[in-house]
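Here is how the chains run, residue by residue.
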Amino acid sequence: MKVRKGRLAVFSFLVVAILAIVCTTTGNIWNNITKGLDLQGGFEVLYQAEPGQKVNAQIMKDAAAAIERRVNVLGVSEPEITVEGTNRIRVQLAGVQDQKKARELLGKEAHLTFRDPTGKKVLIDGKDLKQNGAKVDFDPQTNQPIVTLQMKNADKLADVTRKYLGQPMPIYLDENQLSAPVIQSVITGGEAQITGQRTVEEAQELADLLNAGAIPVKLEEKSSFAVDASLGADSLRESLIAGLYAVLAIFIFVIGYYRLPGLIAVITLIAYSYLVLLTFMLMDVTLTLPGIAAFILGIGMAVDANIIMNERIREELRVGRSIPAAVRAGSKRSFLTIFDSNITTIIAAAVLFAYGTSSVKGFSVSLVIGIIVSFLTAVALSRILINLLVRSNILKSPGLFSVREDEISDL
Amino acid sequence: MTYKIDFVENRKIYFIITLVIVALSVGSLLIQGLNLGIDFVSGTRLDISMDKPVDLAKAKQELEGLGYENPNARVGGPNKNILIFRLDKEITLQEKEKISQKLGSVFHTKVNVQEQVVDPIIGRELAKNAIISVLIASIGIIIYVTLRFEYRFAVAAILALFYDAIFTVGMFSILQLEVDIVFIAAILTIVGYSVNDTIVIFDRIRENLNIVKPTKWEELSKVVNDSIHQTLTRSINTVLTVVFAAFALWLLGGESISNFSLALLFGLISGAYSSIFVASQIWVSWKWRSMQKEKAGDKLAAE
């Protein structure tokens, strides 16, 4: 049979193209995948609304939004704030530098109130504050930093200050009294001041906190998780090294055992790994340490489809079929096996997704991604590649498929 | 065709081995239970990593010096450089800093701390949800396999799946390894792998049943033996590749995922075992009983 160079060229082109794309773009994709805080350091807190309050989906959403505004004050690049269940909020701050400050800031309810001289009755509420109405300024006389508050409704402030003229009007943040200015004159401009801030930073923080708004429910900390940044980097490095050895072992084993189809399996596995990472990036999956472990294990599992197909091809060769016939029959017969075994896993993963919480959900997503991608690569791509080689007529010896001549029986 | 191993012939031995393993696992679970991590019992866990191996006795002494009586501390990590300190209460940031400063100055090393404070409700909820999910998933798998194969295959596959889960949990109980939330993910991976592995053998049995229609025990047993042998290389090679991965992760992947990887290692090997020695054997015994009953019924009808 004549060697068809065209098919061979298409095969080589495909392989080179896959490797080239993988080599040039993987770094970029990797950098664009969000890494969990166990990999880059940071901390996570799970809050739960204290029992005995009115809680509904909208209130929790508002609370999450308020926390988010507050986190932005910290300058964390990608905070993840999610409402879980009916009464919980999970706050994940990867890469946060000052954990202590973050915790303090998150823990405050930041409910601003202006009260009557006894400190019991609330006269004006933080809700009356204009959007971004809190600013840092300096007292013209003492040059101390102060926080100025621009109110939505100037009349309300005027009424209150008229009523309590000459008396102190304490300003509270939660149950802490910030300052208790004595009302010297009726305030008509709608602007109040908080004094007593020691530094500009402190004043700025208070202003930011007030602008972020109060959290509408009382939250209690249920659990927390904090990782130093260097530890996260260590974990990432260790798991990647483990992954490298695992993948090398798998590649050597598959090529050693299956020869040519093994080599094709390795190419499809490279494509598999690449596509899974690409999907992680596109779906904005946060990669955690167990996620990396599952990903590496997934490579081992994705080989299964290649192994099933290659074993089938070898069987067909052993009963004396020609290479093209064996490849055709082997890939056809193995298809349903691979299909059925993967569908059962997808059923399991789908249920886990529907009923699982947080980490179980994330896990099931990567499981499903892995299966679907492995279907594309281990079934479709490896069939294309091996068929190109078969049709180019260069495959003459069954030894390429790791089948010895003496194993072949007559048809 | 001569067999290297007659898998079906020795099925009673495999059943006994399997039952003994299940009994040991369940027994250990009942007697000593699981070594639950702080995900399931409230408290704080500090993973304090240093530049060099930790002197546990000295570290414990220092912790006692700071007022923690009988500190629950152990050493972990590939280089034995992580001190894992568990407390049954929450600690403040100041206390945490005090500990890391003290240890840093005593051992002359840079100290990094990973801290985890947990309310057990969350972990228990997660475990409960995971168990419910596995049960529902099992029903889904049973329905699918019954439609595509037959109900005996479905039930046998699910029994093998439960065996793998029980074995892995049992091993963690026997060895008293710490169980945390990530362990649940490992069990779920094992569950997925176990079914996948079993179905490949069952698929072969189904295919071979279409070629030979067995009526005698020898024929049925031959179909199952043939099917296991035809898929044996695949079974071994697939489990080898996943074991390479799990083993590398266990050996090199760091302290945080070492138990996760070990659970995978147990479960994946068990998954390969149970497909051949549990699922297939249950199926062949059950199928034979059904065939005999049918025959008896036919005879009765003929008379």
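These numbers come from a predicted model, not from an experiment.

Definitions and limits used
- Residues numbered from 1 in each chain as written.
- Chains lettered and ligands numbered in written order.
- Predicted model: local features only at pLDDT ≥ 70, side-chain atom pairs only at ≥ 80, totals over all residues.
- Heavy atoms only, no water.
- Helix = DSSP H or I, 4+ residues; strand = E, 2+ residues; numbered from the N terminus.
- Buried < 20%, exposed > 50% of the residue type's maximum accessible area, 1.4 Å probe, protein only.
- Contact = heavy atoms within 4.5 Å.
- Areas by Shrake-Rupley, 256 points an atom, 1.4 Å probe, with all protein chains shown as cover.
- Lys, Arg positive; Asp, Glu negative; His and termini not counted.
- Charge placed at Lys NZ, Arg CZ, Asp CG, Glu CD.
- Patch = residues over 30% accessible without salt bridge, like charges linked within 9 Å, V, L, I, M, F, W, Y side chains within 5 Å.
- Salt bridge = Lys/Arg side-chain N within 4 Å of Asp/Glu carboxyl O.
- Domains from an automatic or database assignment.
- Buried area = accessible area lost by both parts, 1.4 Å probe.
- Polar contact = N/O pair within 3.5 Å; in protein donor to acceptor, adjacent residues only side chain to side chain.
- Phe/Tyr/Trp six-rings, centres within 6.5 Å; stacked < 30°, edge-to-face > 60°.
- Lys NZ or Arg CZ within 6 Å of the ring centre and 35° of its normal.
- Pairing = 2+ DSSP bridges.
- Axes fitted to C-alpha atoms, helices over the stretch in contact; angles between N-to-C directions.
- 1 Å grid on protein atoms, 1.4 Å probe; cavity = no way out; pocket = protein on both sides within 12 Å on 5 of 7 lines; lining within 4 Å.
- Points joined across faces, edges and corners; volume = space filled by probe spheres on them.
- Nonpolar A, V, L, I, M, F, W, Y, C, P; charged D, E, K, R; others polar.

1. With respect to the overall build of chain A
Line of reasoning, step 1. Each helix and strand in chain A was counted, giving 10 helices and 11 strands.
Line of reasoning, step 2. Along the longest, intermediate and shortest principal axes, the C-alpha atoms of chain A span 110 × 40 × 35 Å.
Line of reasoning, step 3. Across the 411 residues of chain A, 50% fall into the buried class.
Line of reasoning, step 4. Long-range contacts, defined here as pairs at least 24 residues apart, represent 74% of the contacts in chain A between residues at least 6 apart.
Line of reasoning, step 5. Just so you have it, chain A exposes about 19100 Å², and 57% of that area is on carbon and sulfur atoms.
Line of reasoning, step 6. Across chain A, the mean location of the 42 positive side-chain charges is 10 Å away from that of the 40 negative side-chain charges.

2. Looking at a nonpolar patch on the surface
All names here are of chain B.
Line of reasoning, step 1. On the surface, Ile16, Val20, Leu24, Ile174 and Leu175 cluster together to form a nonpolar patch covering roughly 460 Å² of accessible area.
Line of reasoning, step 2. Here the nonpolar patch takes three residues from helix α1 (residues 11-31), the largest share from any one element.
Line of reasoning, step 3. Along the chain, Val20 turns up in helix α1.

3. Remarks on the domain arrangement of chain A
Many descriptions give the size of an interface as the accessible area lost when the pieces come together.
Residues and elements named next belong to chain A.
Line of reasoning, step 1. As assigned here, chain A comprises domain 1 (2-36 + 228-407), domain 2 (42-106 + 217-226) and domain 3 (112-212).
Line of reasoning, step 2. Placing the centre of domain 2 and that of domain 3 at their C-alpha centroids yields a distance of 26 Å.
Line of reasoning, step 3. Across the interface of domain 2 and domain 3, roughly 490 Å² is buried in total on both sides, 65% from carbon and sulfur atoms.
Line of reasoning, step 4. There are zero salt bridges connecting domain 2 and domain 3.

4. Some details on the interface of chain B and chain A
Line of reasoning, step 1. Each partner contributes residues to the interface: chain B has 67 residues there, and chain A has 62 residues.
Line of reasoning, step 2. With both sides pooled, the region where chain B packs onto chain A buries about 5500 Å², and carbon together with sulfur makes up 65% of that total.
Line of reasoning, step 3. Inspection of the chain B/chain A interface yields five salt bridges.
Line of reasoning, step 4. Residue Glu207(B) is joined to Arg312(A) by a salt bridge in which the shortest nitrogen-to-oxygen separation is 2.7 Å.
Line of reasoning, step 5. Connecting chain B to chain A are 16 residue pairs in polar contact (both at pLDDT 80 or more).
Line of reasoning, step 6. Broken down by element, the side of chain B that touches chain A gets its largest block of residues, 16 residues, from helix α6 (residues 181-211) of chain B.

5. Comments concerning the side chain of Lys96(B)
Line of reasoning, step 1. Take Lys96(B): it is sitting in helix α3 (residues 93-107).
Line of reasoning, step 2. The residues touching Lys96(B), leaving out its near neighbours within four places in the chain, are Gln99(A), Ala226(A), Leu46(B), Ile91(B), Val113(B) and Glu115(B).

6. Re the packing of aromatic side chains
Line of reasoning, step 1. Taken as a whole, this structure holds 22 aromatic pairs over all chains when the rule is applied.
Line of reasoning, step 2. Ring plane angle 50° and centroid distance 5.9 Å describe the contact between Phe247(B) and Trp250(B), whose orientation is recorded as tilted. With Phe247(B) and Trp250(B) both in helix α7 (residues 217-252) and three residues apart, this pair spans about one turn of that helix.
Line of reasoning, step 3. Using a relative accessible area of 38% as the deciding quantity, one classes Phe247(B) as partly exposed.
Line of reasoning, step 4. In this structure, Lys35(A) packs its charged tip against the face of Trp30(A), placed 4.7 Å from the ring centre.
Line of reasoning, step 5. Between the NZ or CZ atom of Arg115(A) and the centre of the ring of Tyr172(A), over which it lies, the distance is 4.0 Å.

7. Quick look at a positive patch on the surface
Residues and elements named next belong to chain A.
Line of reasoning, step 1. A surface patch of positive charge is lined by Lys2, Arg4, Lys5, Arg7, Arg328 and Arg391.
Line of reasoning, step 2. Inspection of the secondary structure puts Arg7 in helix α1 (residues 5-32).
Line of reasoning, step 3. According to the relative accessible area criterion, Arg7 is partly exposed, its value standing at 32%.

8. Brief notes about the sheet that holds strand β6 (residues 129-138) of chain A
All names here are of chain A.
Line of reasoning, step 1. Read from one edge to the other, the open sheet built from three strands follows the order β6-β7-β10, with strand pairing classed as antiparallel. What marks the edges here is a single partner per strand, and that holds for β6 and β10 (191-194). Each neighbouring strand pair of the sheet contributes to a mean axis angle of 25°, computed without reference to strand direction.
Line of reasoning, step 2. The pairing of strand β7 (residues 145-151) with β10 spans four bridges and is classified as antiparallel. Each bridged residue has a counterpart across the sheet, and for Gln150 the counterpart in β10 is Glu191.
Line of reasoning, step 3. Sheet strands touched by helix α6 (residues 200-212): β6, β7 and β10. Its angle to β6, the strand with the most contacts, is close to 175°.

9. Description of the sheet that holds strand β9 (residues 176-179) of chain A
All names here are of chain A.
Line of reasoning, step 1. Pairing is antiparallel across the open sheet formed by four strands, whose spatial order is β5-β4-β8-β9. On the outer flanks of this sheet lie β5 (122-125) and β9, each paired with one strand and no other. Pairwise comparison of adjacent strand axes, ignoring direction, gives a mean angle of 35° for this sheet.
Line of reasoning, step 2. Note that strand β8 (residues 171-173) and β9 share three bridges and pair antiparallel. In the sheet register, Ile171 faces β9, and the bridge partner there is Ser179.

10. Some thoughts on the side chain of Thr168(B)
Line of reasoning, step 1. For Thr168(B), the location among the structural elements is in helix α5 (residues 151-174).
Line of reasoning, step 2. If we ignore the near neighbours within four places in the chain, the residues touching Thr168(B) are Phe183(B), Ile187(B), Ile190(B), Ala263(B), Phe266(B) and Gly267(B).

11. Some details on empty space enclosed by the protein
Line of reasoning, step 1. If you walk through the whole model with that rule in mind, you get three cavities of 30 Å³ or more.
Line of reasoning, step 2. Approximately 390 Å³ is the volume found for the largest cavity.
Line of reasoning, step 3. Lining the largest cavity are 28 residues, and of these Tyr272(A), Gly298(A), Met301(A), Leu367(A) and Ile371(A) lie nearest its centre.
Line of reasoning, step 4. Those elements giving two or more residues to the lining of the largest cavity turn out to be α7 (229-282), α8 (289-318), α9 (323-355) and α10 (358-391) of chain A together with α6 and α7 of chain B.
Line of reasoning, step 5. Considering every element that reaches the lining of the largest cavity, the biggest residue donor is α8(A), with nine residues.
Line of reasoning, step 6. Residue composition of the lining of the largest cavity, grouped by class: 15 nonpolar, 11 polar and two charged.
Line of reasoning, step 7. Quantified by volume, the second largest cavity comes out at close to 100 Å³.

12. Section: the domain arrangement of chain B
Residue and element names in this part refer to chain B.
Line of reasoning, step 1. For chain B, the assigned domains read domain 1 (11-37 + 122-297) and domain 2 (43-118).
Line of reasoning, step 2. The gap between the C-alpha centroids of domain 1 and domain 2 is 39 Å.
Line of reasoning, step 3. Taken residue by residue, the interface counts seven residues in domain 1 and eight residues in domain 2.
Line of reasoning, step 4. Together domain 1 and domain 2 conceal approximately 590 Å² of surface at their shared face, both sides included; 37% is due to carbon and sulfur atoms.
Line of reasoning, step 5. When residues of domain 1 are sorted by the area they lose upon contact with domain 2, Glu178, Glu255 and Ser256 head the list and together hold 72% of the total.
Line of reasoning, step 6. Between the two partners, domain 1 and domain 2, sit four salt bridges.
Line of reasoning, step 7. A salt bridge links Glu255 to Arg74; its shortest N-O distance comes to 3.8 Å.
Line of reasoning, step 8. On inspection of domain 1 and its partner domain 2, the count reaches three residue pairs in polar contact (both at pLDDT 80 or more).

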